[in-house]
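Close look at the chain arrangement
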Amino acid sequence: MKILLLGPQGCGKGTIGDMLAERMGIPHVSSGEMLRAIPENDPNYKVANDYMSRGELVPQDIVAALLKERFSRDDCKNGFILEGWGRCRLDLELFDPVFDKVIVLNISRDTSIKRISGRRLCDSDGKVYNIYTLPKEELENCQGNLIQRADDTEEAVNRRLDIYYSDTQEVIDDFKLQEKVLEIDAEPLPDEIFSNVLSALGLQ
Ligand code: AMP
């Protein structure tokens, strides 16, 4: 099954994508992760990082090329969970894998800003924490330094949210016409959201 995960920043696409991928035995692919993993000596490194740090969309032909290469690999032949693509109609004009289902994780704009301002990454293993919601013991056991993503500033988050509520909303409306959209309330904790996602997909 080919699943697209959409939702405003901080809705839990990364967390739910990982949980779903494990449960369904298919890969979880994130365009944002792929862009952040571009090595410094790659010709696209500087341009991608300039756009990302401003909270703007990286030129879509760069992202489409990364995704096409990723999906040509063997582990994607039975499907995948994609997160980060379909931010605007142009994305799907450049690359449309023909999704079976589109899961939209809904949270308020206030929740987005709160969750993103508390988001921290471990610079050693890349694990994502939230200083407001994650249990203290887990944070204390973290082996690395906690860093904030360069595009998690309030200004960049607001710019990304503006794109979501204009351009991505148009994409969601298109998928609604195709009856592919499953809307999930993503305000609760991850286990509850995940259980609701599984029910919506008919997997529990
Ligand atoms: P994310 O990890 O999904 O929050 O994405 C972080 C940043 O990567 C975005 O703000 C964009 O600058 C860039 N990005 C991720 N996916 C795309 C995409 N499909 N098209 C263009 N830029 C993207």
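The shown structure was predicted, so the numbers you read here are calculated from the model rather than taken from an experiment.

What counts and how
- Residues numbered from 1 in each chain as written.
- Predicted model: local features only at pLDDT ≥ 70, side-chain atom pairs only at ≥ 80, totals over all residues.
- Heavy atoms only, no water.
- Helix = DSSP H or I, 4+ residues; strand = E, 2+ residues; numbered from the N terminus.
- Expected span 1.5 Å × (residues − 1).
- Bend = angle between axes of the 7 residues up to and from the residue.
- Buried < 20%, exposed > 50% of the residue type's maximum accessible area, 1.4 Å probe, protein only.
- Core = buried A, V, L, I, M, F, W, Y, C linked by side-chain atoms within 4.5 Å.
- Contact = heavy atoms within 4.5 Å.
- Near = heavy atom within 4 Å.
- Polar contact = N/O pair within 3.5 Å; in protein donor to acceptor, adjacent residues only side chain to side chain.
- Areas by Shrake-Rupley, 256 points an atom, 1.4 Å probe, with all protein chains shown as cover.
- Nonpolar A, V, L, I, M, F, W, Y, C, P; charged D, E, K, R; others polar.
- Phe/Tyr/Trp six-rings, centres within 6.5 Å; stacked < 30°, edge-to-face > 60°.
- Lys NZ or Arg CZ within 6 Å of the ring centre and 35° of its normal.

Details of helix α8 (residues 154–177)
The terminal C-alpha atoms of α8, which comprises 24 residues, lie 33 Å apart, in line with the 34 Å expected from a rise of 1.5 Å per residue. Along α8, the helix axis deviates most sharply at Thr168, where the bend reaches about 35°. All buried positions along α8 are accounted for by Ala156, Val157, Arg160, Leu161, Ile163, Tyr164, Thr168, Val171, Ile172 and Phe175.

A look at the nonpolar core
Soluble globular proteins tend to bury their nonpolar side chains together. Core analysis: the largest hydrophobic core is formed by 28 residues, its most contacted members being Leu67, Phe71, Leu82, Trp85, Phe99, Val102 and Phe175. At the level of secondary structure, the elements contributing two or more residues to this core comprise β1 (2–6), α2 (31–36), α3 (45–54), α4 (60–71), β3 (80–83), β4 (101–106) and α8. Examining the composition of this core, we find that five residues originate from one element, α4, more than from any other. Contact partners of Phe175, with chain neighbours within four places excluded, come to Leu4, Leu92, Phe99, Val102, Lys180 and Val181. Judged by nonpolar contacts, the second largest core, of 19 residues, contains Ile103, Leu105, Ile184 and Leu198.

As for the site of the ligand
Close contacts around the ligand come from 16 residues, with Ser31, Arg36, Glu56, Gly84 and Arg87 the closest. Side-chain polar atom of Arg160 to an oxygen atom of the ligand: 3.3 Å apart, as the coordinates give it. Within the complex, the protein chains bury 97% of what would otherwise be the 490 Å² of accessible surface of the ligand. The greatest single-element share of the shell around the ligand, amounting to four residues, is contributed by α2. Each residue belonging to the shell around the ligand can be placed in one class, and the counts come to six nonpolar, three polar and seven charged.

Digging into the side chain of Ser31
Position of Ser31 among the secondary structure elements: in helix α2. Overall, the relative accessible area of 3% leaves Ser31 in the buried class. Within the structure, Ser31 has its side chain in polar contact with the backbone oxygen of Gly84 (distance 3.2 Å). In this structure Ser31 touches Val63, Glu83, Gly84, Trp85 and Arg87, once residues within four positions along its chain are discounted.

Side note on the packing of aromatic side chains
Considering all chains together, one arrives at five aromatic pairs under this definition. Ring geometry for Phe71 against Phe95: centres 5.8 Å apart, planes inclined by 20°, an arrangement best described as stacked. Here Phe95 lies in the loop between α5 (89–94) and β4 and Phe71 lies in helix α4, a separation of 24 residues in the sequence. One exposure class covers both Phe71 and Phe95, and it is buried. Taken together through their ring pairs, the aromatic side chains of Phe71, Phe80, Trp85 and Phe95 make up a single cluster. Taking the ring centre of Tyr51 as reference, the NZ or CZ of Arg54 above it sits at 5.1 Å. The cationic tip of Lys114 hangs over the ring face of Tyr132; the distance from NZ or CZ to the ring centre is 4.7 Å.

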